[in-house]
Amino acid sequence: MASVSLVNICKSYNNGFQAVKNFNLKVEEGEFLILVGPSGCGKSTTLRMIAGLDEISDGELWIKDRLVNFLKPQERNLSMVFQNYALYPHMTVYQNMAFGLKVHGIDKDEIDKRVKHAAEILEISHLLDRRPNALSGGQKQRVAIGSVIVRQADLLLMDEPLSNLDAKLRSQMRVELAKLHQKLGATIIYVTHDQVEAMTLGTRIVVMKDGEIQQADKPAELYRNPVNQFVAGFIGSPTMNFIETIVYRVGNELQLKFGNQYIQVKGLLAKRLLNMDYEGRELTVGIRPEDFHLEGEEGTDIEMEIDVREMLGAEILIHGESEKTPISAKLPPESKVRAGERVKLYADIAELKLFDAETGVNIFYAQNGNGEA
Amino acid sequence: MKDKSLIKRFGAYGYVVPAMLVFAVFLFYPFFKTIYLSMYKTNKMGEAKLFVGLGNYIDLLTSKSFYNSIAVTVIFVLIVVTGSMLLGLIAAVLCNKTFPGIRFFSTAYALPMAIASSSAAMIFKIMLHPSIGIVNKLLHLDINWINDPKYALVCVAVLTAWLNSGINFLYFSAGLSNIDESIYERASVDGANEVQKFFQLTLPGLSPIMFYTLVVNIIQAFQSFGQVKVLTQGGPGESTNLIVYSIYRDAFFNFRFGSAAAQSVILFALIMCLTLVMFKVEKKGVQY
């Protein structure tokens, strides 16, 4: 097991493009850390810099208290699963898994023991004599993970290992990976663009955008208290609803107006908004689809027209518009709503996220949580 | 109705006729004519005059000169194939990375392909000249490269290897670009060094194209002619009398077309057998 520290890590290219900007992060021993973000956000580049496959332009990379900036990949004692698995096409599954050990000059009996043990864990013992072209996507993926396990390296890196699998296999492998992490207790850094993978696998998630860390936090915390509108929109499925409003004062209460509708805010929340001088200013209100209900307190409701109703068995998803703002809501399966209907949805005010319309920052981020991003 | 169905049945063959005509005139006719001639003694015009059956073959198989020719050819083929494949492979591996000026180097390595063997032989003749040649000057030697039986065959073989390395460079470059870059990255992370990567990933990855290149190179080497004609004319003595040059000499110097035809048939049989054997072995040798 190893801890990894990235100190002011930057990656810039000759044409001036900066793929990663001032990346600071400490990955603790045994952590399952997820780097997540949209395509081109620099997450794979960061991983490749840790692996030693891409040069670090600036900053320091420490693995297990050793500065490794100038060490070759083979000297960093880590192993990696690639997006396309990168299996050696001319070798059998056994040889593929044994390769990393063989080049390290490990004893034949030891190699045999480790490969067979890993094959048992991954249930691929019957495939050991096959070549990669005779394997299915899921089997290839297991072989790639097997090759990583046998190395018993300090650090496991995984670059979107599930992205080539179909949905069913992906969810199955997700569970397998989680189990594997518990069993091995290894430090894993895992790159994905799939927020479901990130939420289910990670002990900590780093959300990235344009080469910068947006927020690094535990999955539940990230969901409950996103630092900004980008993180709020990226994490959660269906995505959070964002309604652009203007804050009006009516007596002691505030109305967050959009079009001809408004959401009423009273008490402490109203007071805090007034203290922060938001009267008359624009605020983006974020409401998760599950925080809409068909019943609730007067003044917290918005009216929407349902365009599509999706019955998912355990819940119903409705999608539509309210004052030209797209809205999605998650309702209980017994809800009697139909496409084409107008319906009143009551927002759970306690769960409202409020973002500054100009900066996109969650204005109550520091008050709501640890705020230590 | 009957006409229509005839066109329907045989019309498609019409498309093959032009190609078949060319093949017939330039390939099939000479091929069968050669077999026919190989069983005759001919006059100076190359016309078959006296049927001798396998007489020409028996003469050849009892002739020392023919065995020398075969031996020289085999040594020549070994040197050429090894040399040209190694040169092509090394050049292709070197050019498989991107660096400034890569296009210049790629072109330079592929260029021998575009040079006629006789012009290359002319250039080599000057370079290898005992008194004014650059080779002797650079190496501070005084060797008569082309006229010494010890070196003549090696010189012709090296020239041929260089000439053939151009196309091999292209074959191997194509083969290398088919190898997935990510397996090298994985190997780096797995801890493999450059030598291990070359022998355990690159060479096995090239095995399909390697086999094809080997077959083409062997056939090509067996058929080398121009460089011998210009550089050594089969000499000194018979030290560079490759089988194709021997055929040429028998036919157009000695006017023994029958014997030349018999040698051609033997050369054909030799190359065919070798190719068949290689295709048999391929299934075991090619890695995936």
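The structure contained in this document is the topic of the report that follows. For clarity, every value in this text was computed on a predicted model and none was experimentally measured.

What counts, and at which threshold
- Residues numbered from 1 in each chain as written.
- Chains lettered and ligands numbered in written order.
- Predicted model: local features only at pLDDT ≥ 70, side-chain atom pairs only at ≥ 80, totals over all residues.
- Heavy atoms only, no water.
- Helix = DSSP H or I, 4+ residues; strand = E, 2+ residues; numbered from the N terminus.
- Buried < 20%, exposed > 50% of the residue type's maximum accessible area, 1.4 Å probe, protein only.
- Polar contact = N/O pair within 3.5 Å; in protein donor to acceptor, adjacent residues only side chain to side chain.
- Contact = heavy atoms within 4.5 Å.
- Pairing = 2+ DSSP bridges.
- Buried area = accessible area lost by both parts, 1.4 Å probe.
- Salt bridge = Lys/Arg side-chain N within 4 Å of Asp/Glu carboxyl O.
- Nonpolar A, V, L, I, M, F, W, Y, C, P; charged D, E, K, R; others polar.
- Axes fitted to C-alpha atoms, helices over the stretch in contact; angles between N-to-C directions.
- 1 Å grid on protein atoms, 1.4 Å probe; cavity = no way out; pocket = protein on both sides within 12 Å on 5 of 7 lines; lining within 4 Å.
- Points joined across faces, edges and corners; volume = space filled by probe spheres on them.

1. A look at the side chain of B:S84
All names here are of chain B.
Reasoning step 1: The topology assignment puts S84 in helix 4 (residues 64-94).
Reasoning step 2: For S84, a relative accessible area of 0% puts it in the buried group.
Reasoning step 3: From its side chain, S84 meets the backbone oxygen of V81 in a polar contact 3.4 Å long.
Reasoning step 4: When residues no more than four places from it in sequence are discounted, the contact partners of S84 are A161, N164, S165, N168 and N217.

2. Topic: the pairing of strand 19 (residues 342-347) of chain A
Reasoning step 1: By the bridge criterion, two bridges tie strand 15 (residues 292-293) of chain A to strand 19 of chain A in an arrangement that is antiparallel. Opposite A:F292, over in strand 19 of chain A, you have A:A347 as the bridge partner.

3. Observations concerning the interface of chain A and chain B
Reasoning step 1: Taken residue by residue, the interface counts 26 residues in chain A and 18 residues in chain B.
Reasoning step 2: Between chain A and chain B, a total of about 2,000 Å² is buried, with carbon and sulfur atoms accounting for 56% of that surface.
Reasoning step 3: Interface area lost by chain A to chain B is led by A:Q74, A:Y88 and A:H90, which between them contribute 30%.
Reasoning step 4: Scanning the region where chain A abuts chain B turns up two salt bridges.
Reasoning step 5: Between B:E185 and A:R48 there is a salt bridge, and its shortest N-O distance comes to 2.5 Å.
Reasoning step 6: When contributions to the side of chain A that touches chain B are tallied by element, the ones reaching two or more residues are helix 1 (43-51), strand 6 (78-81), helix 2 (93-102) and helix 4 (137-151) of chain A.
Reasoning step 7: It is helix 2 of chain A that provides the largest number of residues to the side of chain A that touches chain B, a total of four residues.
Reasoning step 8: For the side of chain A that touches chain B, the class distribution of residues is 14 nonpolar, eight polar and four charged.

4. Focus: helix 12 (residues 243-252) of chain B
Note: α-helices contain 3.6 residues per turn, so residues at a spacing of three or four share the same orientation.
Reasoning step 1: Taken across its ten residues, helix 12 of chain B has eight buried, putting it largely inside the fold.
Reasoning step 2: When we look at burial in helix 12 of chain B, the residues that qualify are B:I243, B:V244, B:Y245, B:S246, B:I247, B:Y248, B:D250 and B:A251.

5. With respect to the sheet that holds strand 10 (residues 212-217) of chain A
Residue and element names in this part refer to chain A.
Reasoning step 1: Strands sit in the order 6-7-8-3-9-10 across an open sheet of six strands; the sheet is mixed. Pairing within the sheet leaves two strands with one partner each, and these edge strands are strand 6 and strand 10. Direction aside, neighbouring strands of the sheet carry axes that sit 15 degrees apart on average.
Reasoning step 2: When strand 7 (residues 155-159) meets strand 8 (residues 187-192), the two strands line up parallel, connected through five bridges. The partner of D159 across the bridge, within strand 8, is V191.
Reasoning step 3: Set on the sheet, helix 1 makes contact with strand 3 (32-36), strand 6, strand 7, strand 8 and strand 9 (204-209); between it and strand 7 the angle comes to about 150 degrees.

6. Structural notes on the layout of surface pockets
Residues and elements named next belong to chain B.
Reasoning step 1: Each pocket or cavity is described by its volume, and for the largest pocket that value is around 740 Å³.
Reasoning step 2: Lining the largest pocket are 26 residues, and of these P30, F31, T34, S264 and F268 lie nearest its centre.
Reasoning step 3: For the lining of the largest pocket, the elements supplying multiple residues, two or more each, are helix 2 (17-37), helix 12 and helix 13 (257-285).
Reasoning step 4: A total of twelve residues in the lining of the largest pocket trace back to one element, the largest contributor, which is helix 13.
Reasoning step 5: Of the residues contributing to the lining of the largest pocket, the split by class is 22 nonpolar, four polar and no charged.
Reasoning step 6: The calculated volume of the second largest pocket comes to roughly 630 Å³.
Reasoning step 7: What lines the second largest pocket is a set of 14 residues, among which N96, K97, E181, Y184 and E194 lie closest to the centre.
Reasoning step 8: Those elements giving two or more residues to the lining of the second largest pocket turn out to be helix 4, helix 9 (181-190) and helix 10 (194-222).

7. A few points about helix 1 of chain A
Residues and elements named next belong to chain A.
Reasoning step 1: Counting buried positions along helix 1 yields eight of nine residues, so the element is predominantly enclosed.
Reasoning step 2: K43, T45, T46, L47, R48, M49, I50 and A51 are the residues of helix 1 that are buried.
Reasoning step 3: Positive phi appears at G52, one or two residues downstream of helix 1, with a value of about 95 degrees.

8. Some words on unusual backbone geometry
All names here are of chain A.
Reasoning step 1: In this chain, S237 is followed by P238 through a cis amide linkage whose omega measures -5 degrees.
Reasoning step 2: As for its position among the elements, P238 is in the loop between helix 8 (229-234) and strand 11 (241-250).
Reasoning step 3: The residue N8 is not glycine, and still its phi comes out positive at about 50 degrees.
Reasoning step 4: Looking at the secondary structure, you find N8 in strand 1 (residues 4-12).
Reasoning step 5: For N8, a relative accessible area of 36% gives the class partly exposed.
Reasoning step 6: Positive phi, normally seen in glycine, also occurs at D277, with a value near 65 degrees.
Reasoning step 7: One can find D277 in the loop between helix 9 (267-275) and strand 14 (282-287).

In short, the description is geometric, and any link to function would need to be established separately.
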